[in-house]
Amino acid sequence: LPEKPAECRVDIQIDTHIPEKYIENLAGRLDVYKKIATVHTVEEETELLEELDDRYGVPPGAIKHLIRIALIRNQASKLGITEIKQKKNAILFYLTTVTEKQLPELLGKYKSRIFFNDSPTDSYISVKLSDDEKNIDLMEEFINLMTENA
């Protein structure tokens, strides 16, 4: 059997939950949380948002963030990223390897905003947020860049 990628933990400063006002029934909220956890593609993200809109009305921002985070987590896991966390104005991506193709792309994209820490106990890439950049947008951009150059 192929090895299942390690799950990626995400710890960033963003509102991610299903408000009780949006889905009052606990069983319904739990069911949606389960569906959110299985989002692996942009198409699945779109389908889930449409389903929520049909069943409960327009999803609030917190749910949209939650679904985007789930997609990012699942894509990051496939890349060997075990954790993504925010430290002040930087996003840290904990990973085991960066390919020869990914490295120049990351350096070209983030220039002086990127920092590599390659210690035996704490390997990560840190990218500083630009002034008007949202943490979730940087995470998504980083994961897409890594995926395109895997």
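Heads up: the structure comes first, above all this text.
One structure accompanies this document, and this report is about it. Values in this document were obtained by computation on a predicted structure and should not be read as measured data.

All right, on to unusual backbone geometry then. Positive phi outside glycine occurs at Lys88, with the angle close to 55°. Mapped onto the elements, Lys88 comes out in the loop between β2 (81–87) and β3 (90–95). Of the residues examined, Lys88 reaches a relative accessible area of 75% and is grouped as exposed.

The subject of this paragraph is the pattern of salt bridges. Oppositely charged side chains may form a pair once their charged atoms are brought near each other. Per the stated rule, a full pass over the model turns up nine salt bridges. Residues Asp137 and Arg68 are paired through a salt bridge, measuring 2.8 Å at the closest nitrogen-oxygen approach. Residue Asp137 is located in helix α5 (residues 135–148), and its partner Arg68 is located in helix α3 (residues 61–78); the two are separated by 69 residues in the primary sequence. Look at Asp137 and you get partly exposed, because its relative accessible area is 34%. Since its relative accessible area comes to 17%, Arg68 is described here as buried. We note a salt bridge from Arg113 to Glu133, for which the minimum N-O separation is 2.5 Å.

About the cut-offs
- Residues numbered from 1 in each chain as written.
- Predicted model: local features only at pLDDT ≥ 70, side-chain atom pairs only at ≥ 80, totals over all residues.
- Heavy atoms only, no water.
- Helix = DSSP H or I, 4+ residues; strand = E, 2+ residues; numbered from the N terminus.
- Buried < 20%, exposed > 50% of the residue type's maximum accessible area, 1.4 Å probe, protein only.
- Salt bridge = Lys/Arg side-chain N within 4 Å of Asp/Glu carboxyl O.

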